[in-house]
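A structural walkthrough
Listed below are the residues making up each chain.
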Amino acid sequence: MLHSTIPSLLHRATFRILAAGSIGVLAGCASPADAVEGRDLTFDSQSYFAVTVDTRKDDIELYWRNPDNGQPFGGLEALKTWAAGKDRTLAFAANAGIYDREFKPLGLYVENGKTVVPLNLAHGNPRSGNFSLLPNGVFAVYDDGSAEVRTSDDFRAAGRKPRWATQSGPMLVIDGEINAQFDNGSDSMKWRSGVCAKTPREVVFVVSRAPVNFHSFARLFRDAIGCRNALFLDGTISQFYTPEAGYTGAPAFMTKPYAGMIAVFPKRPDALPKH
């Protein structure tokens with residue numbers, strides 16, 4: 001939940017999508033050597049910014065508080081400064097997860113193997129917030145670098161212990177189907193961000209460049225990106241950061257202090273897979 005800038009005119013890649021009667025524009029491709037690929041896309045006349053992460057080349061991590069002093073980062077700039085002090089380059093960052101007024105996670109939050117907040121399976125009133133618009137779900141990354149998105153119930157049933165995880169909601173796509181709670185004609189239009197794991201090693205993050213409803217956002221993940229399971233991360237204040245594009249998503253005046261953040265760092269050379 002932090003800053004934004006006027007969207008940059010230059011992005012690392014744009015491309016053409018023809019899906020469900022929607023057209024985008026192909027203007028180039030990111031270098032195959034780049035593990036984090038940022039691109040603009042258009043779907044149903046709506047503009048989005050998507051980032052694809054190859055977990056064989058980059059590490060996906062979660063942060064809430066500064067590990068050195070226990071204080072909340074509060075924003076991506078503070079996270080970037082901390083990372084630079086550790087000689088780590090931030091390749092991508094986004095706010096993520098559902099938090100209370102005290103900026104504490106309302107659902108599962110696992111950081112570097114430690115479960116800070118347990119899985120929340122309480123069924124609340126849908127009017128109390130997006131987290132209670134069921135089913136909600138979990139984005140998790142495991143010790144072997146694999147990632148997945150599951151409903152919260154499926155995550156519990158699987159019993160796997162993640163290295164990094166955040167619980168959010170609602171699920172956008174479940175087993176290839178749009179969340180039945182969504183109305184195609186809904187006038188609830190907000191900036192929105194979400195995530196899916198197309199494969200255990202290919203994770204796709206998307207943020208809208210303008211307000212969209214849940215149904216349209218979910219169809220983007222299913223029909224344009226090809227995700228069988230996708231999870232909503234945040235709305236209204238949703239923002240992404242990449243070094244090339246800067247901040248994309250909601251405008252600066254909409255943002256508030258962030259709580260949880262997803263951070264992507266290039267793997268150390270000695271940790272890259274051998275060929």
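Treat the numbers as computed from the prediction; the structure is a model and nothing was measured. (Residues numbered from 1 in each chain as written. Predicted model: local features only at pLDDT ≥ 70, side-chain atom pairs only at ≥ 80, totals over all residues. Heavy atoms only, no water.)

1. Comments concerning the nonpolar core
Convention followed: Here, nonpolar core means buried Ala, Val, Leu, Ile, Met, Phe, Trp, Tyr and Cys residues that are tied together by side-chain atoms lying within 4.5 Å of each other. Each residue gets one of three labels from its accessible area relative to the maximum for its type: buried under 20%, exposed over 50%, partly exposed in between, using a 1.4 Å probe on protein chains only. Numbering of helices and strands runs from the N terminus; a helix is a DSSP stretch of H or I covering at least four residues, while a strand is a stretch of E covering at least two. Any two residues whose heavy atoms approach within 4.5 Å are treated as being in contact.
Of all hydrophobic cores here, the largest spans 46 residues; its most connected members are Ile60, Phe139 and Phe205. Sorting elements by how many residues they give to this core places strand β19 (residues 261–266) first, with 5 residues. For Ile60, the residues in contact, after removing those within four places along its chain, are Val53, Thr55, Phe139, Val141, Trp164, Val203, Phe205, Ile262, Ala263 and Val264. Grouped together as the second largest cluster of nonpolar side chains are 22 residues, Val173, Val212, Phe214 and Ala230 included.

2. Some thoughts on helix α1 (residues 76–85)
The periodicity of an α-helix, 3.6 residues per turn, causes residues three or four positions apart to be oriented the same way. Convention followed: The directions considered for the arc are those from the helix axis to the C-beta atoms.
Along α1, the residues that are buried comprise Leu76, Leu79, Trp82 and Ala83. Each buried residue of α1 lies within a common arc of 120 degrees when the element is viewed along its axis, so the set occupies one face. Exposed residues lying more than 90 degrees from the buried face of α1 are Thr81 and Gly85. For α1, the elements touching its buried residues are β5 (58–63), β6 (92–95), β17 (239–242), β18 (246–249) and β19. Asp87 sits one or two residues past α1 and shows a positive phi near 60 degrees.

3. Concerning the confidence of the model for the chain
Selection rule: A score from 0 to 100, pLDDT tells how confident the predictor is in each residue.
Summary statistics for the chain give a mean pLDDT of 83 and a share of 80% for residues scoring 70 or more. Low pLDDT (under 50) marks residues 1–33, which in the prediction has 89 contacts with non-local residues, meaning those over four places away or in another chain.

4. Considering the sheet that holds strand β3 (residues 36–43)
The test is simple: Two strands qualify as a pair provided DSSP detects at least 2 bridges between them. Helix axes use the C-alpha atoms of the stretch in contact, all axes being lines fitted to C-alpha atoms, and the angles between their N-to-C directions lie in the range 0 to 180 degrees.
Taking strand neighbours across the sheet as the criterion, the 7 strands line up as β3-β4-β15-β14-β16-β12-β13 in an open arrangement whose pairing is antiparallel. Two strands bound the open sheet, and with one partner strand each, they are β3 and β13 (177–178). The pairing of strand β12 (residues 171–174) with β13 spans 2 bridges and is classified as antiparallel. Bridge pairing links Val173 to Ile178 in β13. Along the sheet, helix α3 (residues 214–225) contacts β3, β4 (46–54), β12, β13, β14 (192–199), β15 (202–208) and β16 (230–235); its crossing angle with β14, the most-contacted strand, is approximately 25 degrees.

5. A short note on the sheet that holds strand β10 (residues 147–151)
Read from one edge to the other, the open sheet built from 5 strands follows the order β8-β7-β11-β9-β10, with strand pairing classed as antiparallel. Of all the strands in the sheet, the pair left with one neighbour each is β8 (114–117) and β10. Averaged over all pairs of adjacent strands, the angle between strand axes in this sheet comes to 20 degrees, irrespective of strand direction. Where strand β9 (residues 137–141) and strand β11 (residues 164–168) come together, 5 bridges link them in antiparallel fashion. Considered in β11, the bridge of Ala140 is made with Ala165.

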